[in-house]
Every structure is written in C-alpha cells, then in structure tokens.
Amino acid sequence: WAVGYTPHLNRFAHKIVEPADHKQYLSHQDVVNQVVTILARSGKHNVILVGDPGVGKDTIVRAIARQFGDTKQVFALDTTALVSGLSAADDFETRLVSVLRDAVYAGNVILYIEELELLLDQNKTGYNAVAILQPYLESPNLQLLATTTFTDYHEIIEADPILAKNFERVDVAEPSDQQVMVILE
C-alpha cells in the first residue's frame, strides 16, 4: 500500500525491485547520478535516456530504482500488455489514461517506459499517445523515465517540439573496453 490503490498501474506495469545489497558493477554511474538529480528537482523532471541498443539503459533504470529505495517507486510500463487484446483506439486511450491517473494518484511513482517510440509512432504500432501524454508530462505529480534510440529520438520525439521540451535528454554512451572488462569480471 506504499503507492495506494492503483489497479490499472498494477495490471499494466510492474514495480522494479532492486535489493539495496545487490552488488553490480555499473559503468554508467555518472548517468545514474545525473538522472537522479533531474528526477529530484521540481521543474522539468521527465527524463529520456537516449542510446544505442545494448548500452545499458535498463541497467541504469534498475540502478535508479535501487537508489530511490522506498522514497519513490519505479514502475515499468508493459506496453505489450497495454496494447494486447484491444478492439479500438479508444480502448488504448482509456487504458493508458487509467495507468497515468493511477501513477498520479499514487504520488510517489516514476513511470518507466522502455522504447517510448512504440507509444508515439503510429506507423510501428498503430497507436499515437502524444496527445494523451502531453498533459501528464507537464504535470508536477507524475514523473516519466523513458528510453529510446538516437534515430527514434530524432525522427519522433525531436520532431515534436512540445514533446521534446518536456523531457530532459540524457545520452548514454557505450562503455569503454576497460569498463566492459570490469563488467565481465
């Protein structure tokens, strides 16, 4: 009950739980610190991690969830569950709005959307959530953490200036050879 009664959030998202004692060699600690600082401020507090596939964006999100501990709950939106079994675009909008409202209601939720472009590019999924997300992105009661690739960021998010201004962009570079060796060890 740390986040209140949130049936839609619980149905279409899952809480990222990382034990505090979980040892993990993280090559992007500077990125984690930068994202935590952005999420802690009151103004522009939505973050988009931009990087090539496989650079460690999910690992960064897990480290962020671990760093916040119990003060903020990080929920990962399951986009597959969100769009499965839909009969009309209205159903998609209803589901997404319900999840976003639950997150706002809870008050201490950071909603993580992996591959944000899947919700924004009508050519890929047949759904376009830009109009749905806009009021929530500007709300002080909801924080979004999203990931995307450089190509999709430029083609989809940067193409919509209102959408781009609501996210603080953080680039995630590939780990160096030395960092990869430490990770593998």
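Predicted model, so just to flag it, every value in this text is computed and none were measured.

Trainee: Help me understand the sheet that holds strand β6 (residues 168-171) in this model?
Mentor: Either a parallel or an antiparallel arrangement is found when strands of a sheet pair, and the pairing is made through backbone hydrogen bonds. Read across the sheet, 6 strands follow the order β1-β3-β4-β5-β2-β6 without closing on themselves; strand pairing throughout is mixed. Whereas interior strands pair on both sides, the edge strands pair on one side only; in this sheet they are β1 (13-15) and β6. Along the sheet, successive strands turn relative to each other by an average axial angle of 25°, direction set aside. Taken together, the 4 bridges between strand β4 (residues 109-113) and strand β5 (residues 143-148) define a ladder with parallel strand orientation. Note that in β5 the partner of I110 across the bridge is Q143. In this fold helix α3 (residues 57-68) packs onto β2 (47-50), β3 (73-77), β4 and β5, with an angle of close to 160° to the strand it touches most, β5.

Trainee: Help me understand the confidence of the model for the protein in this model?
Mentor: Detailed reading of the predicted coordinates is not advisable wherever pLDDT is low. Scored by pLDDT, the protein has a mean of 84; 89% of the residues are at 70 or more. At the level of individual helices and strands, the protein shows its lowest average pLDDT in helix α7 (residues 122-125), which scores 63, and its highest in β2, which scores 95.

Trainee: In this structure, what is going on with the environment of N128? I would like to understand it.
Mentor: Residue position: N128 is located in the loop between α7 and α8 (130-137). Between the C-alpha atom of N128 and that of E93, which follows or precedes it by 35 residues, the distance is 9.2 Å.

Trainee: How do you make sense of helix α2 (residues 29-40) when you look at a structure like this?
Mentor: Given 3.6 residues per helical turn, the α-helix brings residues three or four places apart onto the same face. When the terminal C-alpha atoms of α2 are compared, their 16 Å separation across 12 residues agrees well with the 16 Å that a helix rising 1.5 Å per residue should span. For α2, the full list of buried residues reads V31, V32, V35, V36, I38 and L39. Projection of α2 onto a plane perpendicular to its axis shows the buried side chains occupying an angular sector of 160°, all on one side. With respect to the buried face of α2, the exposed residues turned more than 90 degrees away are D30, T37 and A40. Among the structural elements, β2, α3, β4, β5 and β6 are those in contact with the buried residues of α2.

The rules behind these values
- Per-chain numbering applies: the sequence of each chain, read as written, is numbered from 1 onward.
- Note on the predicted model: pLDDT of at least 70 is required for a residue's local features to be given, and 80 or more for side-chain atom pairs to be given and counted; whole-chain, interface and lining totals, by contrast, use all residues.
- With hydrogens and water excluded, all non-hydrogen atoms of the structure serve as input to the side-chain values.
- At least two DSSP bridges between two strands are required for those strands to pair.
- Strands are runs of DSSP state E lasting at least 2 residues, helices are runs of H or I lasting at least 4, and numbering of each runs from the N terminus.
- To get an axis, a line is fitted to the C-alpha atoms, and for a helix only the part in contact is used. The angle between two axes follows their N-to-C directions and goes from 0 to 180 degrees.
- Residues are treated as being in contact if the distance between any of their heavy atoms lies within 4.5 Å.
- A residue's pLDDT is simply how confident the predictor is in it, with values from 0 to 100.
- What a helix is expected to span follows from its residue count: subtract one and scale by 1.5 Å.
- Here's how the labels work: a residue is buried when its accessible area is under 20% of the maximum for its type, exposed when over 50%, partly exposed in between, all with a 1.4 Å probe on protein chains only.
- As used here, the arc is the angular range of directions from the helix axis to the C-beta atoms.

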